[in-house]
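So the chains spell out like this:
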Amino acid sequence: YLVGTMIEVPRGALTADAPAFRPPAGRFLVARNDDEAVGCGALQRVDDRTAEIKRMWVAPEWRGAGLGSRLLAALEHEAADAGYTRVVLDTNAVLAEAIALYERSGYEAAERYNSNPYAQRWFAKPLGPAIRPFVEGDGDGLVGLVLPIQQEEFGLAVTVADQPDLADPTAA
């Protein structure tokens, strides 16, 4: 859960490495449609100039609607805003749609940079200066990044927790 809201994140998205997603070095974003979590993604520090994108997930019923590319762009914006100049990510070779998304988004094949036993493909992308999407605060230390998706009838908000309580992902 994120502080100040009761949006449940997908099971398994928050794990033992969740403290690495805390600001200022990390981030955890939840894409939601009203109060329903429909996607998520995280950033964690690799080194002073590199952030790793982790835990990208989009609900099956939202796949193909442009949510993945907008969530990826929001993570890249957050990484640049945090001062990173490069992002990396890994994935399994069977995730053809994810690989296509990364390649369309400017990621290039990279050398293995971690020991993730499930990863078979590694990617990297340089970042330019942070370009912030429209930002609105809700008074609870949360910031909403409004990222409309391709389908006109759906609205999307990505919530970034400035002070997430990730130590206990089951806490309400």
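Our subject in this report is the structure included herewith.

Cut-offs applied
- Residues numbered from 1 in each chain as written.
- Predicted model: local features only at pLDDT ≥ 70, side-chain atom pairs only at ≥ 80, totals over all residues.
- Heavy atoms only, no water.
- Phe/Tyr/Trp six-rings, centres within 6.5 Å; stacked < 30°, edge-to-face > 60°.
- Helix = DSSP H or I, 4+ residues; strand = E, 2+ residues; numbered from the N terminus.
- Buried < 20%, exposed > 50% of the residue type's maximum accessible area, 1.4 Å probe, protein only.
- Salt bridge = Lys/Arg side-chain N within 4 Å of Asp/Glu carboxyl O.

1. Concerning the packing of aromatic side chains
Here comes step 1: Applying the stated criterion to the full structure yields 3 aromatic pairs.
Here comes step 2: Judged by centre distance (6.0 Å) and plane angle (55 degrees), the ring pair of tyrosine 102 and phenylalanine 123 falls under tilted. With a gap of 21 residues between them, tyrosine 102 in helix H2 (residues 96-104) and phenylalanine 123 in strand S6 (residues 121-126) connect regions that are remote in the sequence.
Here comes step 3: Residue tyrosine 102 is classed as buried on the basis of its relative accessible area of 7%.
Here comes step 4: Ring-pair connections join several aromatic residues into one group, and the members of that group are Tyr102, Tyr107 and Phe123.

2. Examining the pattern of salt bridges
Here comes step 1: For the structure shown, the criterion picks out 5 salt bridges.
Here comes step 2: For the salt bridge of lysine 125 with glutamate 76, the shortest nitrogen-to-oxygen distance reads 3.2 Å. Pair noted here: lysine 125 is in strand S6 and glutamate 76 is in helix H1 (residues 67-81), with a separation of 49 residues, a long-range link. No difference in accessibility class separates lysine 125 from glutamate 76, as the two residues are buried.
Here comes step 3: A salt bridge links arginine 121 to glutamate 103; its shortest N-O distance comes to 3.5 Å.

3. Focus: unusual backbone geometry
Here comes step 1: The omega torsion of the bond from proline 23 to proline 24 falls at 10 degrees, within 30 degrees of zero and hence cis.
Here comes step 2: Mapped onto the elements of the fold, proline 24 is located in the segment before strand S1 (27-33).
Here comes step 3: One non-glycine residue with positive phi stands out, namely arginine 55, at about 55 degrees.
Here comes step 4: Residue placement: arginine 55 occurs in strand S3 (residues 50-58).

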